Amino acid sequence: MNEIREMLMGSGYTAEEVTALSDEECRAEWDELCSRYTF
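About the thresholds
- Residues numbered from 1 in each chain as written.
- Predicted model: local features only at pLDDT ≥ 70, side-chain atom pairs only at ≥ 80, totals over all residues.
- Heavy atoms only, no water.
- Helix = DSSP H or I, 4+ residues; strand = E, 2+ residues; numbered from the N terminus.
- Buried < 20%, exposed > 50% of the residue type's maximum accessible area, 1.4 Å probe, protein only.
- Areas by Shrake-Rupley, 256 points an atom, 1.4 Å probe, with all protein chains shown as cover.
- Salt bridge = Lys/Arg side-chain N within 4 Å of Asp/Glu carboxyl O.
- Core = buried A, V, L, I, M, F, W, Y, C linked by side-chain atoms within 4.5 Å.
- Contact = heavy atoms within 4.5 Å.

Caption draft 1: Examining the overall build of the chain more closely. Of regular secondary structure, the chain possesses 3 helices and 0 strands. Listed N to C, the secondary structure of the chain is α-α-α in terms of helices and strands. When the 39 residues of the chain are sorted by exposure, 21% land in the buried category. When the accessible area of the chain is evaluated, it comes to approximately 3000 Å², of which 52% is carbon and sulfur surface.

Laid out in structure tokens, this is it:
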């Protein structure tokens, strides 16, 4: 899960935002972000 948190921070999320998210929320945010860039 740390990898997903690091990737979210590299995608415009602040460390505070990522820290506040649960593991499930991190996964959901990452899945949403990926869905924007896949065809």
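Still to come is the rest of the account.
Caption draft 2: Region of interest: the pattern of salt bridges. A complete count under the given rule lists 2 salt bridges for this structure. Its salt-bridge partner being Arg5, residue Asp23 comes within 2.7 Å of it at the nearest N-O pair. Within this pair, whereas Asp23 is found in helix α3 (residues 23-37), its partner Arg5 is found in helix α1 (residues 2-10), the two being separated by 18 residues in sequence. Judged by relative accessible area, Arg5 falls into the buried class, the value being 16%. Taking the shortest distance from any N to any O, the salt bridge between Glu32 and Arg36 comes out at 3.7 Å. In this pair, Glu32 and Arg36 both sit in helix α3, 4 residues apart, roughly one turn of the helix. Given the relative accessible area of 52%, Arg36 is considered exposed.

Caption draft 3: Here's a closer look at the nonpolar core. The biggest cluster of nonpolar side chains holds 7 residues, and these are Ile4, Leu8, Val18, Leu21, Cys26, Trp30 and Leu33. Sorting the residues of this core by element identifies α1 and α3 as the ones contributing at least two each. Element by element, the count of residues in this core is highest for α3, at 3 residues. Those residues within four positions of Val18 in sequence are excluded, and the remaining contacts are Arg5, Leu8, Met9, Tyr13 and Cys26.

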